[in-house]
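Summary of the model geometry
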Amino acid sequence: MFDTTTNNQASAQTDSASFQSNPTLREHVAISMQQYLKQMQGQPLNDVYDLVLTQVEEPLLRAIMEHTRNNQTKAAKVLGLNRGTLRKKLKRYNLL
């Protein structure tokens, strides 16, 4: 998925064209991860999974709360969480 070898240049050009015309969330994540790994320039990586989740969770919650006009019941339903879990996450990021 993050392979950037010469053999994948044609595929990358096709993926790039698709990304430019109609970017999916998956494509955004793939590009961001490629950029992040490139910026790390071979430095040791630890806990990347947790890093990604904490970086994504807050803006996700902000966007959904805005989308639902701060209606926690609707937001919980959109996110597929129970309302208590949503409140706990909102408190964690000082969004309440």
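It is the contact of helix α4 (residues 72–79) with helix α5 (residues 83–92), at a shortest axis distance of 9 Å, that shows an interaxial angle of 100 degrees. For the element pair α4 / α5, the angle class is roughly perpendicular. For the pair α4 and α5, the contacting residues are Gln-72, Thr-73, Ala-75, Ala-76 and Leu-79 in the first and Arg-83, Leu-86, Arg-87 and Leu-90 in the second. Residues that form the contact of α4 with α5 fall into these classes: five nonpolar, two polar and two charged.

For Gln-41, which is not glycine, the phi dihedral falls at a positive 45 degrees. Locating Gln-41 in the fold gives a position in the loop between α2 (25–39) and α3 (48–67). Residue classification places Gln-41 among the exposed residues on the basis of a relative accessible area of 68%. One non-glycine residue with positive phi stands out, namely Asn-70, at about 65 degrees. Examined against the element boundaries, Asn-70 turns out to sit in the loop between α3 and α4. Classification of Asn-70 by relative accessible area gives exposed; the value is 56%.

By the definition in use, this model includes three salt bridges. Across the salt bridge formed by Glu-57 and Lys-89, the nearest N and O atoms sit 2.6 Å from each other. Placement of Glu-57 in helix α3 and of Lys-89 in helix α5 is noted, with a sequence separation of 32 residues between them. Pair check on accessibility: Glu-57 and Lys-89 agree, each one buried. A salt bridge links Arg-92 to Glu-57, with the nearest nitrogen and oxygen atoms 3.2 Å apart. Residue Arg-92 is found in helix α5, and its partner Glu-57 is found in helix α3; the two are separated by 35 residues along the sequence. Here Arg-92 falls in the partly exposed class, since its relative accessible area comes to 48%.

Each value, and the rule that gives it
Residue numbering note: each chain is counted from 1, following its sequence as written. Per-residue local features of the predicted model are confined to residues with pLDDT of at least 70, and side-chain atom pairs are confined, for both listing and counting, to 80 or more; whole-chain, interface and lining totals are unaffected and use all residues. With hydrogens and water stripped out, all remaining heavy atoms of the structure feed into the side-chain values. Note on geometry: axes are C-alpha line fits, over the in-contact stretch for helices, and angles between N-to-C directions span 0 to 180 degrees. Helical segments are the DSSP runs of H or I of at least four residues, strand segments are the runs of E of at least two, and each set is numbered from the N terminus. An angle counts as roughly parallel when it lies under 35 degrees, as roughly antiparallel when it exceeds 145, as roughly perpendicular when it falls between 65 and 115, and as oblique in every other case. Note on definitions: a residue-residue contact is assigned when non-hydrogen atoms from the two residues lie within 4.5 Å. Under this grouping Gly is polar, as are all residues other than the nonpolar Ala, Val, Leu, Ile, Met, Phe, Trp, Tyr, Cys and Pro and the charged Asp, Glu, Lys and Arg. Each residue is assigned to one of three classes by its accessible area relative to the maximum for its type, calculated with a 1.4 Å probe on protein chains only: buried under 20%, partly exposed between the two thresholds, exposed over 50%. Just to be clear on terms, a salt bridge is a Lys or Arg side-chain nitrogen sitting within 4 Å of an Asp or Glu carboxyl oxygen.

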